[in-house]
Amino acid sequence: ALSQTEYNKFYSYSTIKEMWDAIRINHKGIEGMRLGKAITFQRHYELFSMKENKTIDDMFECFQTILNGLKSLRTEFSKA
């Protein structure tokens, strides 16, 4: 099933195959974008360190933003 927004994007195709191909390409692009964001968040996580001019609260907020970003993208990584 498509949402109304997605349906409006793809309804003008003349065949189901054209519509399916366009939907598949669109979602493949979204998956690539998601992967790029996940890699960026993971890199921020790996390089995270305390900054001298920042408070603990500021750093906690930055770290929480990274963790929330990873969680929103359903990225899993080991604790080791």
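The shown structure was predicted, so the numbers you read here are calculated from the model rather than taken from an experiment.

Observations regarding the confidence of the model for the protein
Per-residue confidence for the protein gives a mean pLDDT of 82, with 90% of residues at or over 70. At the low end of the mean pLDDT range in the protein sits helix H1 (residues 4-10), at 77; at the high end sits helix H3 (residues 56-72), at 90.

Topic: the domain arrangement of the protein
Per the domain assignment, the segments making up the protein are domain 1 (1-49) and domain 2 (52-79). Spacing between the C-alpha centres of domain 1 and domain 2 amounts to 25 Å. On the side of domain 2, 11 residues touch domain 1, which itself brings nine residues to the contact. Approximately 970 Å² of surface area, both sides summed, lies buried where domain 1 meets domain 2, with 84% of it carried by carbon and sulfur atoms. If you sort the residues of domain 1 by the area they bury against domain 2, Phe41, Tyr45 and Phe48 come out on top, with a joint share of 61%. Applying the counting rule to domain 1 against domain 2 returns zero salt bridges. Counting every contact that joins domain 1 to domain 2 gives zero residue pairs in polar contact (both at pLDDT 80 or more). Its residues placed into classes, the side of domain 1 that touches domain 2 shows four nonpolar, three polar and two charged.

Calculation rules
Residues numbered from 1 in each chain as written. Predicted model: local features only at pLDDT ≥ 70, side-chain atom pairs only at ≥ 80, totals over all residues. Heavy atoms only, no water. pLDDT = per-residue confidence, 0-100. Helix = DSSP H or I, 4+ residues; strand = E, 2+ residues; numbered from the N terminus. Domains from an automatic or database assignment. Contact = heavy atoms within 4.5 Å. Buried area = accessible area lost by both parts, 1.4 Å probe. Salt bridge = Lys/Arg side-chain N within 4 Å of Asp/Glu carboxyl O. Polar contact = N/O pair within 3.5 Å; in protein donor to acceptor, adjacent residues only side chain to side chain. Nonpolar A, V, L, I, M, F, W, Y, C, P; charged D, E, K, R; others polar.

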